[in-house]
Structure formats: C-alpha cells, structure tokens
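Coordinate inspection notes
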Amino acid sequence: QVQLVESGGGLVQAGGSLRLSCAASKPTLNRYTMAWFRQAPGKEREFVAAISALGLSTNYRDSVKGRFTISRDNAMNTLYLQMNSLKPEDTAVYYCAARTHWGAYTASAYDDWGQGTQVTVSS
C-alpha cells in the first residue's frame, strides 16, 4: 500500500497556473503507475493524467492536453501536475492515485489514493 499526500491547490484566476504535488510514502515508487483524477461537486471522479512507473509513457484526458503536464521524480518519491491556462471548468478536488500496472484510466482501477487538494479557478 502507498500513502499519498497532495499539496499545491488553491484559488487562481482563469488563465493562471498551479503546480500540484503528491508525496508518496513508498520508497519503491518507481514500481507504480501514478495518476491524477479530479472530482467536481455533483460529478463523478474523472481521469486527468497518468504516467508510467519510469515516466516513459503518459496519457491525458482530451480537455487538458496541451495545458497540463504530468511528471514524476522517483528519487524524491513525488508526482507532479503542472496546470497552465486554467479554466473555470478545471475547478475540482484533485487526487493522486497509484496502481501497479500501466494502462487503466478509471478510478476503480487504482488502489491507493490521497486525500485530495482543492483547485478553484475564478472567471
């Protein structure tokens, strides 16, 4: 099991940027696929981006392509999400998650979750 703690959320104006971080407890983080999900009020949790264990593969939901970048530093046991050109529709609680295999983009496929960090984008 991997314990995950997100940080970096906040309030930003549309067009602004935020960088989310996710600190992991596992010293063997390089064995895990990592992902970011988000959940807006009244909506289901949705996939945002994923990165493979060694960072060689990434995948994004269409609405964030070209604006968000997922990355990881396995030496620091940390996952990142750089969010640029933010829009009001990006407002949500953002969660990081981990699983042992690549290739899944639904919340039910991920085993370990952080507590979430709020991102609010004002228009």
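Below or above, wherever it landed, is the structure these notes cover. Computed from a predicted model, the values in this text were never measured in an experiment.

Turning our eyes to something else, we now look at the overall build of the protein chain. A tally of regular secondary structure across the protein chain gives zero helices and 11 strands. Its helices and strands taken in sequence order, the protein chain reads β-β-β-β-β-β-β-β-β-β-β from the N to the C terminus. Relative to the 2.2 N^0.38 estimate, which gives 14 Å for 123 residues, the radius of gyration of the protein chain is 13 Å and therefore close to what a compact globule would have. Its C-alpha atoms put the protein chain at 40 × 25 × 25 Å along the principal axes. Counting over 123 residues, the protein chain shows a buried share of 46%. Counted over contacts in the protein chain with a minimum sequence separation of 6, partners at least 24 positions apart contribute 57%. About 6,200 Å² of surface is accessible on the protein chain, with carbon and sulfur atoms providing 47% of the total. The average position of the 12 basic charges and that of the 9 acidic charges among the side chains of the protein chain differ by 3 Å.

A few words on the packing of aromatic side chains. Under the definition given, this model contains seven aromatic pairs. Taken together, a centroid distance of 6.5 Å and an interplanar angle of 65° make the contact between Tyr-110 and Trp-113 edge-to-face. Among the aromatic residues, those joined into a ring-pair cluster are Phe-37, Phe-47, Tyr-95, Trp-102, Tyr-105, Tyr-110 and Trp-113. One Lys or Arg, Arg-19, reaches over the ring of Tyr-80 and ends 4.0 Å from the middle of that ring. Sitting over the ring of Tyr-95, Arg-45 keeps its end group 3.7 Å from the ring centre.

Parameters at a glance
Residues numbered from 1 in each chain as written. Predicted model: local features only at pLDDT ≥ 70, side-chain atom pairs only at ≥ 80, totals over all residues. Heavy atoms only, no water. Helix = DSSP H or I, 4+ residues; strand = E, 2+ residues; numbered from the N terminus. Rg over C-alpha atoms; globule rule 2.2 N^0.38 Å. Buried < 20%, exposed > 50% of the residue type's maximum accessible area, 1.4 Å probe, protein only. Contact = heavy atoms within 4.5 Å. Areas by Shrake-Rupley, 256 points an atom, 1.4 Å probe, with all protein chains shown as cover. Lys, Arg positive; Asp, Glu negative; His and termini not counted. Charge placed at Lys NZ, Arg CZ, Asp CG, Glu CD. Phe/Tyr/Trp six-rings, centres within 6.5 Å; stacked < 30°, edge-to-face > 60°. Lys NZ or Arg CZ within 6 Å of the ring centre and 35° of its normal.

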